[in-house]
Amino acid sequence: MQKFSKVIFKFEILLIIFLSFSKNYSQSNLDFTTDEIVVSSSLYEENIDSVNQSISILHSSSINTNNPMNLASALVGTSGIWMQQSNHGAGSPFVRGMTGNQTLIMIDGIRLNNSTFRYGPNQYLNTINLNEIERVEILRGSGSVQYGSDALGGVVHILTKSPKIGLANKINGGIQFKYLSGNMEKSTNTFLNYSTENSGYQAMFSFKNFEDIIAGNGIGKESPSSYDEYSFNLKNNHLLNENILLTYSYQYFRQNDVDRFDQVDERGYEYYKFDPQIRQLAYLKSEIFSKNNLYKNVSFTFSWQKSDEERKVKKISELKSTNEKDVIDTWGANFLILSEPVEKLKINSGVEYYYDYIKSSATIFNLENNTNEEKRGLYSDGSKFHNLSVFLLANFKLNDFDFGFGGRYNFAYLVINDEEFGKPKINPDAITGHFSISYNFNEFIKIISKINTAYRIPNINDVSTFGLFDFGIEVPNNNLSPETSINYEIGVKFNHTKIKSSIFLFRNNLSNLIERVKSSYNGSEIYNGETVYTKENIGEAYIQGFEFDVNLILADNLFLTNNLTYTYGQNISVNEPMRRIPPFNGALSISYLVFEKLGLKMEYIFASEQDRLSSGDLDDHRIDKNGTPSWYILNLFSNCNLGQFNFGFGINNIFDEAYRTHGSGIDGIGRSYQLTGKYFLNL
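To keep things clear, this report deals only with the structure shown in the data block.

What follows deals with the overall build of the protein chain. Secondary structure summary: the protein chain contains seven helices and 40 strands in total. What you see for the protein chain is a C-alpha radius of gyration of 25 Å, in line with the 26 Å of a compact globule of 683 residues. With respect to the principal axes defined by its C-alpha atoms, the protein chain has extents near 75 × 60 × 55 Å. Here the protein chain, with 683 residues, has 59% of them falling under the buried criterion. Nonlocal contacts in the protein chain, meaning residues at least 24 apart in sequence, comprise 66% of its contacts between residues at least 6 apart. Counting only carbon and sulfur atoms, one obtains 56% of the accessible surface of the protein chain, whose full area is about 27600 Å².

With that settled, the discussion passes to the environment of Glu197. Structurally, Glu197 is set in the loop between strand 11 (185-195) and strand 12 (199-210). Take Glu197: its relative accessible area is 63%, and that puts it in the exposed class. Measuring from C-alpha to C-alpha, the distance between Glu197 and Ile165 comes to 6.0 Å, with 32 residues separating the pair along the chain.

Right, let's get into the environment of Leu152. Looking at the secondary structure, you find Leu152 in the loop between helix 4 (144-147) and strand 9 (154-160). You can call Leu152 buried: its relative accessible area is 1%. Sequence separation between Leu152 and Leu104 is 48 residues; the distance between their C-alpha atoms is 8.0 Å. Setting aside residues up to four positions removed in sequence, Leu152 forms contacts with Met98, Gln102, Ala454, Tyr455, Arg456, Glu483, Thr484, Ser485 and Asn508.

Another aspect to go through is the side chain of Ser299. By the secondary structure assignment, Ser299 is in strand 19 (residues 297-315). We classify Ser299 as buried; its relative accessible area is 7%. Apart from the residues lying within four places of it in its own chain, the contact partners of Ser299 are Lys285, Ser286, Glu287, Asn334, Phe335 and Leu336.

Counting 26 residues, the largest nonpolar core has Leu71, Leu75, Leu125, Ile133, Val136, Val156 and Ile158 as its most contacted members. When residues of this core are assigned to their parent elements, the largest contribution, four residues, is made by helix 3 (residues 71-75). Setting aside anything within four residues of it in sequence, one finds Ile133 in contact with Ser60, Ile63, Leu71, Ile128, Ile158, Leu159, Thr160 and Lys161.

Conventions and cut-offs
Residues numbered from 1 in each chain as written. Predicted model: local features only at pLDDT ≥ 70, side-chain atom pairs only at ≥ 80, totals over all residues. Heavy atoms only, no water. Helix = DSSP H or I, 4+ residues; strand = E, 2+ residues; numbered from the N terminus. Rg over C-alpha atoms; globule rule 2.2 N^0.38 Å. Buried < 20%, exposed > 50% of the residue type's maximum accessible area, 1.4 Å probe, protein only. Contact = heavy atoms within 4.5 Å. Areas by Shrake-Rupley, 256 points an atom, 1.4 Å probe, with all protein chains shown as cover. Core = buried A, V, L, I, M, F, W, Y, C linked by side-chain atoms within 4.5 Å.

Here's what the structure looks like:
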């Protein structure tokens, strides 16, 4: 309590200075809207206040103001989401206490999750270039009916920028730079857009170089945590005619020499790195617009993704090193229909299919006699994963009531070709449903209640993994069933001219959870110096809590946002807390448009202590045996627009606090200063 009193005092002092400074300038209009449009709830555009869902949004405008290092740091402080980082180049979102392959990540309506997504934190969110993001929509607590497997906690949906159509022979482009003190980041991004009456073209290239993190309060440089990345993307929107829109997109992203600082710092590794880590996505989408109410919008999306990950590992005590390489090719096809068969009834339905082909290998380098040995990879080489589902989701309005209902059937077929552990053909399936009802109490207040089921089908990572994880080594188990959950939720949304707010209470009952348990390999509980684990369906648990957020216009050019999240998880099976449950946390920001061309933003982010630890948390080297201490950070950002130029300045962690987010393997950055510059060209 004493520490939080000091925190509040410091914040109040800076707030007084901030507001006093702002009063010296005349007021002007502030961009604040109560008519925010989202698509993740139902795959068609809706006002966020009209949907029966709890949704958070990260806008590109916030990214441009804060100029964060990566998508993981950009999402810190967003309502209802908790970010964990095992290393500087990673970032795993927790939505309602769940992460890894229990939270679904999507890009432009296409699943990023593939059949090798790991249980627990992973790094895949950070393979998305910040500069190409238009907004991120976080659908909290539901999503399996709309999006399928893995949405036990919710859905993180990244929507990328699109080029404009209808500007005859219009060209615009630009270049931007960023420097973060201590050489922690040096980055550049260039983009070019070209528009015609029927087409829009977009190209973007980014490069970032990150040096070692410098943590706060004297902790200093955390090495190794440096890496570099570059990305390239192309996108084209083309109106074939007034009823058909075609979209082509290609994304390439590569990270090099991404170190796991925690493994080197705490677990006796000379190096443990991802080098390289590559993600590619290409898709073709056709949207057909019709006046026929039975098929007002029909879309076909064909996609190809490739994940190429190489891990290089060596312990200090050993005269051998290991290179593991996994390449996953994913082909997808989605067919969706939006219809309005009768007035006030909307139905979206569809069929989705994804196919994964996995190439996995490992090479052991004997440094003593300079020989190589080829071994089985992390997964069985040549494994295949077929994922087919059909769904229907409807919304019906009756006077002041809104009803939502729907269901999905999902069938998977796993083909494993493993000489040592067998060649099973596994065909799990799952059915999920959704029902919600809301009542518009008046024009400002909406009361929502809902119940929905969710599931996660066992993937290749679950049934085929043979290799290292954070605190042991895992052996396969191909006798697993889908994880399931039932989510109960009640909430209130308030929307007025100068204030919009929501509060949601939730409880998620989880069954058949797949968890690691101690096991043996060839009759031994230890293999290569590591404890042996396998996965089994043994978990029964629940997660409950609340989420609150408010957006408030304090003056014509001054507004405040605040959110608070509390999550409590209990593993009923073993009568202990669930693993990695985030602490009580929240964020408060105040933004002020000093005058038309200059904006200021002050941001306060905090987390309380988390000392409710599971046995898995106690085994996890990233979590202190006494829990994770409370922390807070205060940031200040400014942006100035001068015609074709934009300049930004920011101070991160003003009080140079030492902190680490619960479950992370690296500390947050200390006091640091950032400079950004952008130049825009219009022809």
